[in-house]
Amino acid sequence: LYHNLSPSIEENKREINYECLETAIQYLKDIQNDASKSEETKCSQIISILRVFDEFLAQSERKGTTGLKQQRSLLKGELLNKIQVTNSVSYNKLIGRRIELSLYSNTTIYDIKRIIGAINKVPAEYVRLIRYSTTSEIKDIDNGKTLADLNFKSNESLIANKQNLGNITKAPLLNPDKSLTKEAKGIFGEWFDMFSHEGLMTPEDCVEFIRSCTDDKCKTSDTRVKNLFQNHDHDGDGKVEKEEFIEFYKQACIRKEEVVRANILAHNYRNDLKKISDMCEENSDKTVLPRYILSHKQEYFETLFSLLDRPDESSKEAWNLIQKLVTNPSIQNNILNLNVEKREDGTYDWSTLIDTNSIFKLLYMFQIIESLIEEGGETEQEICKVYKNKDTGEEKETKAVGPASKKPDEEENEKQLEKDNKEELERLNRPAEYFVSELLASNEKDPVGIMKQESEIRDLKRTWIFRFLERRGFEFSYDLFSANNENIKQMNSFQKNFLGFLLKILRIFITSAFLAVEPEVANMVTLVKKQSNIKESVDVTEKNEERWTSAGKSDDEENIFSAPAETQITTGSFGTDAQHSVTEDYIFGDQNLDEFDSDRHTIPAEDEQLKKNTSTFSKKQKENQDTVDKKIEQLATQLKGEFGDNLLKVIDFDQLQMIVLQSIASLLEKQEIDFDERKIVENSLSLWLGCVLHNPKILDNFFTFKCNEFSDVKDFMQRGILYPSLFRVREEFLYTLYVFATKISKSKIDTFEYTLKSMLQKLPKDNEGEESCTSQYFELVSKLIEEYFNRVNENKLSNDILDAPKFFADVINRIKSHQSREVRNSPRQDETLIGYLKIAHMVLDRGGLGECVNIAIDNDFISELFQKCLFPNNLSAIDEDVTEGTDLAQSLLVGNKCKTEESRKWAYKLLWTLCNNSPKLLNEVIEKQMFPLCNQIKLYPGWNYIPSGDSKSGKYSGIRNLGCICYMNSMLQQLYHVPAFRYQLLQADDGAAPDWKEYKGRTIDDNVLHQLQRLFGHLELSERVDYNPIEFCFSFKEMDGSPTNTSVQHDTEEFFNIIFDRIENLIKPTPQKYLLQSVFGGKNCSQMVCKECGFIRNRFEDFYNLSLTVKERKSVEESLRKNLEGEVISDYECPGCKKKVDITKRTLFSQTPNVFVVQLQRIVFDFDRFENQKVNTFFEFPDTLDLTPFSLNHIMKAEGKLSAKDLGTEEASPDKKEEQDGSESEGEDEYEGLTEEEKKERIEEKHTFQNHVRFNENECYEYKLVGVIIHVGTADAGHYYSLINTDRFCKTNEHDEEWLDTSKDKWMEFNDSHVRDYNFEDLKGDCYGGSSGNDDLFGGFFKSSSYGKSAYLLVYEKRFKKPIKVCIPEQPAAEEGKEEAQVAKQKQIVPADAVITVDPKTNEKSYSIPMNEVKLFVPKNIYKEIWEDNLEFSFEKLIYSKEFYEFVKELMLGTLKLKERENTLPEDEAKSLDKII
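Residues numbered from 1 in each chain as written. Predicted model: local features only at pLDDT ≥ 70, side-chain atom pairs only at ≥ 80, totals over all residues. Heavy atoms only, no water.

1. Looking at the overall build of the chain
A count of helices and strands for the chain gives 54 helices and 34 strands. When burial is assessed residue by residue, the chain has 52% of its 1477 residues classed as buried. (Helix = DSSP H or I, 4+ residues; strand = E, 2+ residues; numbered from the N terminus. Buried < 20%, exposed > 50% of the residue type's maximum accessible area, 1.4 Å probe, protein only.)

2. A few points about unusual backbone geometry
For Asn944, which is not a glycine, the phi torsion comes out positive at approximately 55°. You can see Asn944 is positioned in the loop between helix 38 (919–936) and strand 13 (958–959).

3. A look at the pattern of salt bridges
Counted according to the given criterion, the structure contains 75 salt bridges. In this structure, Glu682 engages Arg678 in a salt bridge whose closest nitrogen and oxygen atoms are separated by 2.7 Å. Pair noted here: Glu682 and Arg678 are both in helix 26 (residues 675–694), with a separation of four residues, about one helical turn. The buried category is assigned to Glu682, whose relative accessible area is 0%. A residue is classified by how much of its surface remains accessible, and Arg678, at 4% relative accessible area, is buried. With a closest N to O distance of 3.9 Å, Lys1361 and Glu1294 form a salt bridge. (Salt bridge = Lys/Arg side-chain N within 4 Å of Asp/Glu carboxyl O.)

4. Quick notes on the environment of Leu180
Locating Leu180 in the fold gives a position in the loop between strand 5 (157–162) and helix 5 (182–195). Residue class for Leu180 comes out buried when judged on its relative accessible area of 13%. Separated by 74 residues in the primary sequence, Leu180 and Ile254 have C-alpha atoms spaced 9.7 Å apart. Those residues in contact with Leu180 that sit more than four places away from it in its chain are Leu173, Leu174, Asn175, Lys185, Phe188, Ile246, Lys250 and Cys253. (Contact = heavy atoms within 4.5 Å.)

5. So, the sheet that holds strand 31 (residues 1364–1368)
Pairing is antiparallel across the open sheet formed by three strands, whose spatial order is 31-33-32. Two strands close off the open sheet at either side, each with one partner strand: strand 31 and strand 32 (1397–1398). Summarising the sheet, strand 32 and strand 33 (residues 1405–1409) pair through two bridges and their orientation is antiparallel. Of the residues in strand 33, the one forming a bridge with Thr1397 is Ser1406. (Pairing = 2+ DSSP bridges.)

6. Structural notes on the pairing of strand 28 (residues 1307–1311)
Of all the five residues making up strand 28, five are buried; the element is thus mostly covered by neighbouring parts of the structure. Burial of strand 28 is two-sided: the residues Trp1307, Glu1309 and Asn1311 facing one way and the residues Met1308 and Phe1310 facing the other way are all buried. Two strands pair when backbone bridges link them, and strand 27 (residues 1278–1285) and strand 28 are joined in this way by four bridges, in the antiparallel orientation. Within strand 28, the position partnered with Ser1282 by the bridge is Phe1310.

7. Some details on the nonpolar core
Grouped together as the largest cluster of nonpolar side chains are 199 residues, with contacts concentrated most on Phe53, Leu304, Phe366, Phe509 and Phe716. Ranked by residue count, the leading element in this core is helix 21 (residues 493–517), at 15 residues. Every residue in contact with Phe366, bar those within four places of it in the chain, is listed here: Ile354, Phe476, Ser477, Leu480, Phe498, Phe501, Leu502 and Ile505. Among the nonpolar cores identified, the runner-up in size contains 64 residues, and Tyr983, Leu1076, Tyr1104 and Tyr1423 belong to it. (Core = buried A, V, L, I, M, F, W, Y, C linked by side-chain atoms within 4.5 Å.)

8. What to know about the side chain of Gln1159
Inspection of the secondary structure assignment puts Gln1159 in strand 22 (residues 1155–1161). Within the structure, the side chain of Gln1159 is placed 2.7 Å from the side chain of Ser1107, a separation counted as a polar contact. Beyond its immediate stretch of four places on either side in the chain, Gln1159 contacts Glu1053, Asn1105, Leu1106, Ser1107, Leu1108, Tyr1352 and Leu1353. (Polar contact = N/O pair within 3.5 Å; in protein donor to acceptor, adjacent residues only side chain to side chain.)

9. Remarks on a negative patch on the surface
Taken together, the side chains of Asp235, Asp237, Glu241, Glu243 and Glu247 present a region of like negative charge at the surface. Looking at the element boundaries, Asp237 is found in the loop between helix 7 (223–232) and strand 7 (240–241). On the accessibility criterion, Asp237 (40% relative accessible area) is partly exposed. (Patch = residues over 30% accessible without salt bridge, like charges linked within 9 Å, V, L, I, M, F, W, Y side chains within 5 Å. Areas by Shrake-Rupley, 256 points an atom, 1.4 Å probe, with all protein chains shown as cover. Lys, Arg positive; Asp, Glu negative; His and termini not counted. Charge placed at Lys NZ, Arg CZ, Asp CG, Glu CD.)

10. As for the side chain of Glu731
As for its placement among the helices and strands, Glu731 is situated in helix 29 (residues 727–742). Given the relative accessible area of 0%, Glu731 is considered buried. A polar contact is formed between the side chain of Glu731 and the side chain of Gln776, at a distance of 2.8 Å.

11. Let's talk about the packing of helix 20 (residues 473–483) against helix 21
For the pair helix 20 and helix 21, interaxial distance at closest approach is 10 Å and the crossing angle is 135°. Relative to helix 21, the element helix 20 is oriented oblique. Our pair here, helix 20 against helix 21, has a crossing hand that is left-handed. For the pair formed by helix 20 and helix 21, the contact residues are Phe474, Ser477, Tyr478, Leu480 and Phe481 on the first element and Phe498, Leu499, Leu502, Leu503, Ile505, Leu506, Phe509 and Ile510 on the second. (Axes fitted to C-alpha atoms, helices over the stretch in contact; angles between N-to-C directions. Parallel < 35°, antiparallel > 145°, perpendicular 65-115°, else oblique. Left-handed = near helix turned anticlockwise from the far one by under 90°.)

12. Some words on the packing of aromatic side chains
Within a pair of aromatic rings, the relevant descriptors are the distance that separates the centres and the angle that separates the planes. Enumeration according to the criterion identifies 65 aromatic pairs in this entry. Measuring from ring centre to ring centre gives 6.3 Å for Phe514 and Phe653, while their planes differ by 20°; the resulting arrangement is stacked. Taken together, the residues span a long stretch of sequence, with Phe514 in helix 21 and Phe653 in helix 25 (residues 653–668) at a distance of 139 residues. Take Phe514: its relative accessible area is 2%, and that puts it in the buried class. (Phe/Tyr/Trp six-rings, centres within 6.5 Å; stacked < 30°, edge-to-face > 60°.)

13. With respect to the sheet that holds strand 3 (residues 127–131)
Pairing is mixed in the open sheet, where five strands are placed in the order 2-1-5-3-4. In this open sheet, the two strands that pair with only one neighbour each are strand 2 (98–104) and strand 4 (136–138). Direction aside, the axes of adjacent strands within the sheet are offset by 35° on average. Here strand 3 runs beside strand 4; their pairing, made up of three bridges, is antiparallel. By the bridge assignment, Ile130 is partnered in strand 4 with Glu137. The strands touched by helix 4 (residues 109–120) within the sheet are strand 1 (79–88), strand 2, strand 3, strand 4 and strand 5, with strand 3 carrying the most contacts at an inclination of about 120°.

14. Brief notes about the environment of Pro311
Relative to the helices and strands, Pro311 resides in the loop between helix 11 (298–306) and helix 12 (313–324). For the pair Pro311 and Cys43, spaced 268 residues apart in sequence, the C-alpha to C-alpha distance is 9.5 Å.

15. Let's talk about the environment of Asp1005
You can see Asp1005 is positioned in strand 15 (residues 1002–1005). Along the backbone, Asp1005 and Ser1035 are 30 residues apart, and their C-alpha atoms lie at a distance of 7.5 Å. With near-sequence residues (within four places) excluded, Asp1005 lies in contact with Pro994, Asp995, Trp996, His1010, Gln1011 and Ser1035.

16. Examining helix 26
For helix 26, with 20 residues, the first-to-last C-alpha span of 29 Å sits near the 28 Å given by 1.5 Å per residue. Within helix 26, 17 of the 20 residues are buried, leaving the element largely enclosed by the surrounding structure. The residue sitting at the N-terminus of helix 26 and contributing the capping side-chain oxygen is Asp674; that oxygen lies 3.2 Å from the backbone nitrogen of Asp676. (Expected span 1.5 Å × (residues − 1).)

17. Describing helix 8 (residues 242–255)
Here helix 8 contains 14 residues, and its C-alpha end-to-end distance of 20 Å stays within 8% of the 20 Å for a straight helix at 1.5 Å per residue. When helix 8 is considered as a whole, its buried residues turn out to be Glu244, Phe245, Ile246, Phe248, Tyr249, Ala252 and Cys253.

18. Observations regarding the packing of helix 25 against helix 26
Relative orientation of the contacting elements helix 25 and helix 26 amounts to 150°, with a least axis distance of 9 Å. Classified by chirality, the crossing of helix 26 by helix 25 is left-handed. Every residue of helix 26 that contacts helix 25 at Phe653, Leu656, Gln657, Val660, Leu661, Ser663, Ile664 and Leu667 is listed here: Glu677, Ile680, Val681, Ser684, Leu685, Leu687, Trp688, Cys691, Val692 and His694. When the residues that make up the contact of helix 25 with helix 26 are grouped by side-chain class, the tally is 13 nonpolar, four polar and one charged. (Nonpolar A, V, L, I, M, F, W, Y, C, P; charged D, E, K, R; others polar.)

19. What about the state of the cysteines?
Inspection of the entire model under this criterion finds zero disulfides. This cysteine, Cys213, is not joined by any disulfide, and Cys206 carries the nearest cysteine sulfur, 9.3 Å off. A relative accessible area of 7% places Cys213 in the buried class. (Disulfide = S-S within 2.5 Å.)

20. Looking at the confidence of the model for the chain
Summary statistics for the chain give a mean pLDDT of 79 and a share of 79% for residues scoring 70 or more. Per-residue pLDDT, averaged within each element of the chain, yields its smallest value for strand 10 (residues 386–388) (28) and its largest for helix 39 (residues 966–976) (97). Counted against residues more than four places away or in other chains, residues 378–414, with its pLDDT under 50, gives 59 contacts. For residues 563–628, every residue scores under 50 in pLDDT, and the model assigns this stretch 113 contacts once sequence neighbours within four places are set aside. (pLDDT = per-residue confidence, 0-100.)

Right, here's the structure in full:
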């Protein structure tokens, strides 16, 4: 209703909104004041009204939010990195098709639309967003929702399309006299100016123009370009002038108006010829929106705010609503002005500003407080800004306010500056509510007044932190924290949220105080925070050797592990150019929507202007980072001297340590923690680290820390760095514990020795559980070991803490016994294995070889690394058929332990470190390992062989296109993805020996059934990205008996019919002889109905697919109706009335197949042109299809031609003919005048009909779409590919209505070798077709990206499926001694619970299998072939890799280095060196 108001009512929307909200608010008041109602009733009614408010907010902002900032968006929330946007809003090549955004979780959907709209130069309401993970559109009603509301995560993907805003009246393109209208001519002229050069358009310019209209990758040789110049380049100079171009479009408007309009839309014009970029947001007045009204009308807000004091669920509902409103100006003004009452003793009563009795009100206030802290104070340099008076154009400079750091060259102005600041502070300390509320609530158009008000608000914000500290705001926050540190387990989510606010505020101020008073502590704490933030923004799977250089920082930048070990870290005096930049992520950065512009998105590298834009954006990022660094220094500036000292004196660091440790320990006990809890852990760790760096004496209590969750502090440390569910928590513990171990020197217990021993005592063993979380643990151990050897070498530490040889022996034993969890073709790393390799390498590299070499020799460790870790050895396939019970996942685990790039890198490093400087071990590697390995290597006959790029990335493999066999590949993929068909076909054993033939250097089994089974087996189990079908193509013969000509295109439906005909013949000797009929087979009833006497003649026919006419029809349903209506045949001799009459011939469904294949007749023969033509008109097909209206039983009942006697009660097979006496049960008058032969024929025909209708009385006719084959191109040339629902048979509960919703299933595109996810939302645009327009110049020139692209074949799956019939082969007479073996074989074929039936005529035995219960099966001979191919492929990936070549290179260089010092080697090693060379 809200969006269907008449124009007259639309004008009164403000009054309507106020009236609606006023009524609802009054209801709330009445409910609360009604003493007759119970509290439970009040709660229920209040919640109902609040939910109406919530819906009202959402509905009112479907056309835009006007950029209103919600209360919850005052804080940015969690940073979500790498939000990938596929930009399809515009075809403009200057606008990137891939946009990568980093957004905060409190960003609204409408803000994202505004960002993408700004990039494409269109208003936000023209942007339509589709979420890739759910393949569902984000509705306009969700405009006001945040990313957190929709549970967005980092690395999500969005698709941005242009929104259809409904019917906009089309402005005419032509005047009545057929001349172009002024608007149309202006648009065409603008296009010419955009793409021409010096007033002339060349063929190259024309190509660029076509691409901008259609995204079509055409060339100058394209017929569309040639036709334009042939018909409109009148002087023949190869260039088109502006008037010629406009004349071309004039003719196009006359003959092809709709195509021209498509071009206009592609260039972001509307149907009314208005430019979209010139349109304003439809919701332009924010004051009319309910979200604004509820917060700014104080009476309304106070009513809602009072609900927060209720002790029931309605308070939570009210809180959720208030969070979605704009911040209340009155409360914001009070906090901005810090209207805190001052007592007589000089202290401040903060209860006059903040109500501490309600957790919700506390949260609301502290959200505003934290947002003001995030904005931070500014120094004099930042405060002195130049702004332009919009009214006069005069530039003015504002005066500095608040404390500012002194500069040497300004000492002479110091007194005047202090005076100015004092005056400004006195002015700004007065209440400012009058101008703040006026600015926020009014809609006045007073630019000068508004600018002045904005300036005053900015001044208030700049001095806010100074005034907050002056009024003892920090002490108030600390007291609140001390009073609210009860057991965190007993806190609800709101209390935890509030605790998180307090911890963050304390961390900010304490860190800043350290920076002001004790810079080295602040630098260390802040650097830990910065490192973990950087790491989180990097994909955790991207591990590299330089990880310890701060993940992408340059060598000269600061790093936790490169800082000196001493407590005193050189930072320079505060206020000077410090060596270390201090960054506070998530705290001070303020990135408004205006900062998002087209510089951010990805763009073509070849465009110089866009390169410049990209570098500009990078520069902006750097500037933003510098600003962040300055702002924390600005806060520290205000804390220098008395403020900072007093702040630190307030804190009981020992008490604070115990509180934060207890909070962390309580949360770490949980298996999973949410975002708020994670922030509590992070802020608590930072506070604790700052406490112990500032006051190491409190560590005495740390070492004795115990809680119910952990037996001692060692367990606490290990739990944190191994915390399973959050990478970020483990990273925080990693850096915190490293700083704790290496940067504290004034402690009774040596923190380094304590941490190293603690970590080594609890070294993780084999992975427990599916995921590995040990990376940070081993990184810490590795760096501590490195630090240990550094200290030993510098004589700063005794060498008895770590027994290096013993420890090395323990580690290599762990490596030998470790069961690797790495899987081929998976990026998942075994972090424990990598950790063992890393620390073993660290011991050798830093501690020297020494005894470790002998330990490696004694344990045969070289062989272990080479043959067990790096290369598989002596593997064999499973010698049995692959069935449902076969552990195929386990087969991927066998082989070499190191299957990922990271683990192999460290194995090679460790191997090389062992060999380096040891000719004896180097000789063993070359002689015993490398030479045998080289003998296994098959040389690839070519260049640029990178097998790692040929690995399939997911579950499915493609089929390689050997030329023009896409018609074959697309259909084979559809057949493969019917699980019951492929597994039953793989069980079909024709008993035929391989028919070996030589072909192109290959020995091929010339049996198409065997080759189809091999193809299905490889698609099931192969690790390659695609299967090479050359052997299938050889066995699938052309009509002349020659192998398939892979360079000739054929029709995919023709291939379907031929392959089914051949399979049907080849599986006749097998138990699966009825497979095709069981899965794809149906029966049609072709009826001839006499128009005179109503006599019906029925003829039943089997079918595997149905062909539907597309030409002059709009949908599948229409085409089916036409088949039902049939055609009229004249002069037909009716057997009923014995004369020539008109009859209707129609086709009905008698029995429907389990898998219904529909071919759309897109390719038709044009008898006028005597050639094939493609019909690419719009033709719709449904996601769900009901064939009931087209079924025999339904039509016969509807026409009253199906009697109860016809239906009967006994079960009968369609092919079973009951033997009855002709005179029995049949009326003799029905056959009067017939010969005995005619009478017998008529009776048999009727019995056949009755058998069919009885058998199919309970037939299911419901289907869902599960596959589409798309054809792109013309009738003579084109390309086929498949779209497939890959969730088939995963949902076995067909009784659930959700089963029919195919849009919720996983869809994928199979395009020859390429397999990728498919967005079901794109199905209509890709498959329904449209006007081909290829009959003249204009259609060819203006064809869109969907030209020639439409569905050619559809695959539907029945909801309730009939079982598959499987025959039991007859056993030949048993030879002596073989009877038991034959009985055993039969037991293997027939399931134990199978019900065996016997055909009375043929004595054929059979049983049925429910189609959903057909299980995995691959014959062992095919499985063994695939196993061996996978091993060979895996070996190729190990050899043809950068890591292997680098290792070989190191072996060679190492040998040369040893040769240079040959004279210094012992005699036995010198001999080994000679042998190596």
